[in-house]
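Letter by letter, the chains look like this.
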Amino acid sequence: MTPVLGFFDSGVGGLTVLRRVLERHGPVRCIYLGDTARVPYGSRSAPEIRLIAAEVVGWLRQQGVTTVVMACNTTNALARDVAEGQAGVPVIGLIGAAAAMVREQRVGVLATPATVESGAYRASIEALHPGCLVLERACPDFVPLIEQGLIASDQIRRVAAAYLEPLLASSVEEIILGCTHYPLLVPLLRDLLPPSVRLIDPALGVTQQLDAVLGKPQPCSESAMHLDHCRLCVTADAEGFAERAASWLGKRPAVRLVHLRSSSEGH
Ligand code: DGL
């Protein structure tokens, strides 16, 4: 049976994971759901996030996916068990993959408020690397600014400098991009950080885990990367999503609007 991957996120963030997968595995069949009617997830309560995860994963299951990729740290941190219960197929997440990529002893984590409050990154890193110093920083302004397409604005630069300050003051050696939206900010973050600080994108660990599902990697250059077998869906603003996706995927994708019961009720 040909694998069909089901990706989900609150918006464009999960595309950073999708792109890494396409780069490593060539054309894969997949369905991507950006729950743009409810972005951002990261400022919501744990019960809300768990309800959303149940509904979104239930929808992916109805579409016939054979593996679910949680391309969203917030649901991964708070609702991994919910996703596993709903999916009926294997579920792949980011947080364990990121913890496995840690090499140093002083690690910063940038993530949404809900992810930081869950303590999931700290627990996962400390379990694999006892004695490691983990400094987490909630970044509530990043996702709303990224979803408005303001990734090169002075405003996001100021916000980023403030978020990084305590991590730099504690001399972190590595920083985990603990929200899938944040790889879109790598040029800005690189500009604000000393070259010695390594950035960890958990998506790279996820793509390796997918070797077990997709087989031997078939690396694909950026220019050859194609989306022909990917169905991109959102719960609101298909046009705006397509525009923002274009700058990350290299071409404007076709995007379909879908209705999930509670997202259209404005939950
Ligand atoms: N990109 C998601 C994450 O990795 C969700 C961000 C949000 O909607 O707040 O956490």
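A brief look at the structure comes next. Everything numeric here is computed off the predicted structure, so don't read it as measured data.

Definitions and cut-offs
Residues numbered from 1 in each chain as written. Predicted model: local features only at pLDDT ≥ 70, side-chain atom pairs only at ≥ 80, totals over all residues. Heavy atoms only, no water. Helix = DSSP H or I, 4+ residues; strand = E, 2+ residues; numbered from the N terminus. Rg over C-alpha atoms; globule rule 2.2 N^0.38 Å. Buried < 20%, exposed > 50% of the residue type's maximum accessible area, 1.4 Å probe, protein only. Lys, Arg positive; Asp, Glu negative; His and termini not counted. Charge placed at Lys NZ, Arg CZ, Asp CG, Glu CD. Near = heavy atom within 4 Å. Polar contact = N/O pair within 3.5 Å; in protein donor to acceptor, adjacent residues only side chain to side chain. Areas by Shrake-Rupley, 256 points an atom, 1.4 Å probe, with all protein chains shown as cover. 1 Å grid on protein atoms, 1.4 Å probe; cavity = no way out; pocket = protein on both sides within 12 Å on 5 of 7 lines; lining within 4 Å. Sits in = over half its atoms within 2 Å of the grid points. Contact = heavy atoms within 4.5 Å. Right-handed = clockwise from strand over helix to strand, strands pointing away. Pairing = 2+ DSSP bridges. Axes fitted to C-alpha atoms, helices over the stretch in contact; angles between N-to-C directions.

Secondary structure summary: the protein chain contains 13 helices and ten strands in total. In summary, the protein chain has a C-alpha radius of gyration of 17 Å against a globular reference of 18 Å for 267 residues, a match within 12%. Considering only C-alpha atoms, the protein chain reaches an extent of 50 × 40 × 40 Å along its principal axes. For the protein chain, buried positions account for 57% of its 267 residues. Taken as two groups, the 24 positive and 26 negative side-chain charges of the protein chain have centres that lie 4 Å from each other.

With that settled, the discussion passes to the site of the ligand. For the ligand, the set of nearby residues contains 14 residues, the closest of which are S10, Y41, G42, N73 and T74. Here a nitrogen atom of the ligand sits 2.8 Å away from a polar atom, N or O, in the side chain of D9. Protein contact buries 99% of the 300 Å² of open area that the ligand shows by itself. Because more than half of its atoms lie within 2 Å of the grid, the ligand is assigned to the largest cavity.

Here L260 shows up in the loop between strand 10 (255-257) and helix 13 (261-264). The spacing of L260 and I52 is 208 residues in sequence and 9.8 Å in space, taken between C-alpha atoms. The contacts of L260, once residues within four sequence positions are left out, are L33, R38, E55, V56, W59 and T235.

Both faces of strand 3 (residues 67-70) are covered, namely the face carrying T67 and V69 and the face carrying V68 and M70. The β-α-β motif built from strand 3, the intervening helix 3 (residues 73-87) and the parallel element strand 4 (residues 91-92) has right-handed crossover chirality.

What the four strands build is an open sheet, ordered 6-5-7-8; its pairing is parallel. The open sheet has two edge strands with one neighbour each: strand 6 (133-138) and strand 8 (198-200). The average angle at which neighbouring strand axes cross in this sheet is 25°, direction not considered. Inspection of the sheet shows strand 7 (residues 174-177) paired to strand 8 by three bridges, in the parallel sense. Within strand 8, the residue paired with E174 across the bridge is R198. Along the sheet, helix 8 (residues 154-169) makes contact with strand 5 (106-111), strand 6 and strand 7, crossing strand 6 at roughly 165°.

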